Every structure is written in structure tokens, then in C-alpha cells.
Amino acid sequence: MSALKDKLKADLTASLKSRDEVRLRTIRMALAAVNVEEVSGKEARELTDDEIIKVLTKEAKKRREAAEAFSNAGRAEQAQAELDEQRVLEEYLPAQLSDEELVALVDAAIAEVGASGPQAMGQVMKVVNPKVAGRAEGGRVAATVRARLAAGASGS
């Protein structure tokens, strides 16, 4: 069993004993999502830590989007509950890259590929994505790549 899944199960037991409802609910949901991913596809398999991180990243994104939807609908209590769950999930994810670190990685990838202009976006994303791996959301990475390619194309 992966170390991350072991940690999730141990934390589930701890939150059960401490009666931490938010943590308990969130970890149960995370383990359920991991189990669903393990049995999806042609045959059941054990997920690696990297695959579990992808599942947890997806779940954290769902919480963030739901919180945004709830707050736009004027339902602050539900929005806060979603944000609380997101905070618990983020404890299991690698530290997120700062904007400066992300820009540096993107600039290095652009130089590596020798890209210029927006048409090279796919090539740059292929190089950047493995380096970012779970430390920045895909949409954020894509927006940064797009902005840096546009800035390079305009000669700045």
C-alpha cells in the first residue's frame, strides 16, 4: 500500500477518535475517491502516491469550485464547509508553486523548446507539466504559458 494511502487511513482513525467531523468527512471522501480510481478501468490496481495526489488535487479543485458557486449563490455556510474540506485536502498535497516559481519554470521550458508565439503552447505544456506535477493547477499553468508566450511574441 502507498505511504500516502496509509497516512490517510491513519488520519481517518485519528479524526474518528478526536471527533473532528470536517476532517473525518473529508478523509472518508478522499479515500472513497481513491478507491473508485483504483477499481476504474479494466482491472483493479493499487494507486501510486503520484496517482493519489492527482485524485486529491482533483477533489480539492471540486471543493474550490463548489465553494465559489455557493458563495455566488449567497450560501456562505455551504461555501465555508467546502473551503474547510479543501484545506484538509491540501494538507496531503505538495506545496503549491508561487507565481514566481511557476514563471521561472515556464520561461525555462520556453527556452528549452525554443518556442515563440502562441502556436507553440502544446510543446511548452509537454515540457512544463511533468516539472509542475501536482504543485500547480493545470489552468493556472496554461494561463502562465499563454501569457509568457504572448509576452515573448510582442518582444518584451
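Residues numbered from 1 in each chain as written. Predicted model: local features only at pLDDT ≥ 70, side-chain atom pairs only at ≥ 80, totals over all residues. Heavy atoms only, no water.

A. Structural context of the overall build of the chain. When you go through the chain residue by residue, the secondary structure sums to 7 helices and 0 strands. Seen along its three principal axes, the alpha-carbon backbone of the chain occupies a region of about 60 × 45 × 30 Å. Across the 156 residues that make up the chain, the buried fraction comes to 35%. Partitioning the intrachain contacts of the chain with sequence separation of at least 6 by distance along the chain shows that 60% fall at a separation of at least 24. On the chain, roughly 9200 Å² of surface is accessible, and the fraction owed to carbon and sulfur atoms is 53%. Both charge centroids of the chain, one from 24 positive and one from 26 negative side chains, sit 2 Å from each other. (Helix = DSSP H or I, 4+ residues; strand = E, 2+ residues; numbered from the N terminus. Buried < 20%, exposed > 50% of the residue type's maximum accessible area, 1.4 Å probe, protein only. Contact = heavy atoms within 4.5 Å. Areas by Shrake-Rupley, 256 points an atom, 1.4 Å probe, with all protein chains shown as cover. Lys, Arg positive; Asp, Glu negative; His and termini not counted. Charge placed at Lys NZ, Arg CZ, Asp CG, Glu CD.)

B. A look at the nonpolar core. Counting 20 residues, the largest nonpolar core has Leu 4, Leu 8, Ile 27, Ile 52, Leu 56, Leu 89 and Tyr 92 as its most contacted members. Elements with a contribution of two residues or more to this core: helix 1 (3–18), helix 2 (21–39), helix 3 (49–72) and helix 4 (76–90). Looking at this core element by element, the count peaks at 7 residues for helix 2. Sequence-distant contacts of Ile 27, that is, excluding residues within four places in its chain, are made with Leu 8, Asp 11, Leu 12, Ser 15, Val 88 and Tyr 92. Within the second largest apolar cluster, 16 residues are counted, among which are Ala 109, Ile 110, Ala 142 and Val 145. (Core = buried A, V, L, I, M, F, W, Y, C linked by side-chain atoms within 4.5 Å.)

C. How the structure looks around the confidence of the model for the chain. Looking at the chain as a whole, its pLDDT mean stands at 84, while 96% of the residues score no less than 70. No element of the chain has a lower mean pLDDT than helix 7 (residues 138–153), at 79, and none a higher one than helix 2, at 91. (pLDDT = per-residue confidence, 0-100.)

D. The arrangement of the packing of helix 1 against helix 2 in detail. Between helix 1 and helix 2, the shortest axis-to-axis distance is 9 Å and the interhelical angle comes to 150°. Taken together, the axis directions place helix 1 and helix 2 in an arrangement best described as roughly antiparallel. Here helix 1 and helix 2 pass one another in a crossing that is left-handed. Taking contact as the criterion, the partners of Lys 5, Leu 8, Lys 9, Asp 11, Leu 12, Ser 15 and Leu 16 in helix 1 are, on helix 2, Arg 23, Leu 24, Ile 27, Arg 28, Leu 31, Val 34, Asn 35 and Glu 38. Looking at the contact of helix 1 with helix 2 residue by residue, the class counts come to 7 nonpolar, 2 polar and 6 charged. (Axes fitted to C-alpha atoms, helices over the stretch in contact; angles between N-to-C directions. Parallel < 35°, antiparallel > 145°, perpendicular 65-115°, else oblique. Left-handed = near helix turned anticlockwise from the far one by under 90°. Nonpolar A, V, L, I, M, F, W, Y, C, P; charged D, E, K, R; others polar.)

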